[in-house]
Amino acid sequence: MADAGRLADPVVEARLARLDELLAGLESAPGPAAATAVEAVRALTEIYGEALARVLDLAGERPAARFAEDELLGHLLVLHGLHPEPPARRAERAVERLRPAVRERGGDVELVGVDGQVARVRVTEAGGCGSGCGGGPTVADAVREAVLAVAPELTAVEQLPAPAAPAFVPLDSLLVREAR
């Protein structure tokens, strides 16, 4: 199949951003014409969702999983409640993708779990500052963004504190010394 007329990912992202602006404008516009336009967009979205569901039914399990790996198709599958993977698994994959880069910088990141609509992560950064001591974007910010991008059904990404380092107690101090 030829790629003629296909949109590059940056163009898709720009069009999605513009679509969000247009829909926000429509939803806040007064009058029956705006309400009718919003209703038309919702109806069209439902029809496209049904068409997408039928494509998945006809394609079978293996192609559906490949569709879910595509960023745009993955978002559409989530939008229509058709994504074959649960949000927890998608969040886990997002964290796994970030882990090598975080470890390269001396830190670590792990998905502790998903409770309801909240993902819980533990982030440690080199120097022990996982919450932005420098004022710029942090690893925790990147993790939050990555998790919510693949699992927008989640409402939050909560950062859990890093476990306290075990205290070092010299063996000598534990031994009972005889009184002199």
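Residues numbered from 1 in each chain as written. Predicted model: local features only at pLDDT ≥ 70, side-chain atom pairs only at ≥ 80, totals over all residues. Heavy atoms only, no water.

### Quick notes on the environment of Glu-110
Filter applied, for reference: Only DSSP runs of H or I reaching four residues or more are called helices, and only runs of E reaching two or more are called strands; each is numbered from the N terminus.
Position of Glu-110 relative to the elements: it lies in strand β1 (residues 108-115). For the pair formed by Glu-110 and Leu-98, sequence separation is 12 residues and the distance between their alpha carbons is 9.5 Å.

### Quick look at the pattern of salt bridges
Convention followed: Think of a salt bridge as a Lys or Arg side-chain nitrogen and an Asp or Glu carboxyl oxygen that are within 4 Å of each other. Throughout this description, buried means an accessible area under 20% of the type-specific maximum (1.4 Å probe, protein chains only), exposed means over 50%, and partly exposed covers the range between.
This model, assessed by the stated rule, comprises 13 salt bridges. Glu-27 serves as the salt-bridge partner of Arg-42, at 3.8 Å between the closest nitrogen and oxygen. Of this pair, Arg-42 sits in helix α2 (residues 32-59) while Glu-27 sits in helix α1 (residues 9-28), and the two are 15 residues apart along the sequence. For Arg-90, the salt bridge identified is with Glu-153, shortest N-O distance 2.6 Å. Highlighted residues: Arg-90 in helix α5 (residues 87-104) and Glu-153 in the loop between α6 (139-150) and β3 (156-160), separated in sequence by 63 residues. Owing to a relative accessible area of 2%, Arg-90 belongs among the buried residues under this scheme. Accessibility expressed as a relative area gives 29% for Glu-153, which makes it partly exposed. Salt bridges linked by common partners bring Arg-89, Glu-92 and Glu-96 together as one network.

### Regarding a nonpolar patch on the surface
Rules: Residues enter patches when they are more than 30% accessible in relative terms and free of salt bridges; like-charged ones are connected within 9 Å and nonpolar ones (Val, Leu, Ile, Met, Phe, Trp, Tyr) within 5 Å. The method behind every accessible area is Shrake-Rupley, applied with a 1.4 Å probe, and residues are considered shielded solely by the protein chains displayed.
Together, Leu-16, Leu-19, Leu-72, Leu-76 and Leu-79 line one region of the surface with nonpolar side chains, adding up to about 410 Å² of accessible area. Only α1 and α4 (71-79) provide two or more residues apiece to the nonpolar patch. The leading source of residues in the nonpolar patch is α4, at 3 residues. Along the chain, Leu-79 turns up in helix α4.

### Considering the packing of α1 against α2
What counts, and what does not: Geometry is summarised by axes, namely lines fitted to C-alpha atoms with helices restricted to the contacting stretch, and by angles between N-to-C directions that run from 0 to 180 degrees. Here the angle decides the label: under 35 degrees means roughly parallel, over 145 means roughly antiparallel, 65 to 115 means roughly perpendicular, and every other value means oblique. Definitions for this section: a left-handed crossing has its near helix turned counterclockwise from the far helix by less than a right angle. A right-handed crossing has that turn clockwise. In this analysis, two residues are considered to be in contact whenever any of their non-hydrogen atoms come within 4.5 Å of each other.
Across the interface, α1 lies against α2 with an axial gap of 8 Å and an inter-helix angle of 135°. For the element pair α1 / α2, the angle class is oblique. Crossing geometry of α1 relative to α2 is assigned as left-handed. Two secondary-structure elements touch here, α1 through Leu-23, Leu-26 and Glu-27 and α2 through Ala-34, Ala-37, Val-38, Val-41 and Arg-42.

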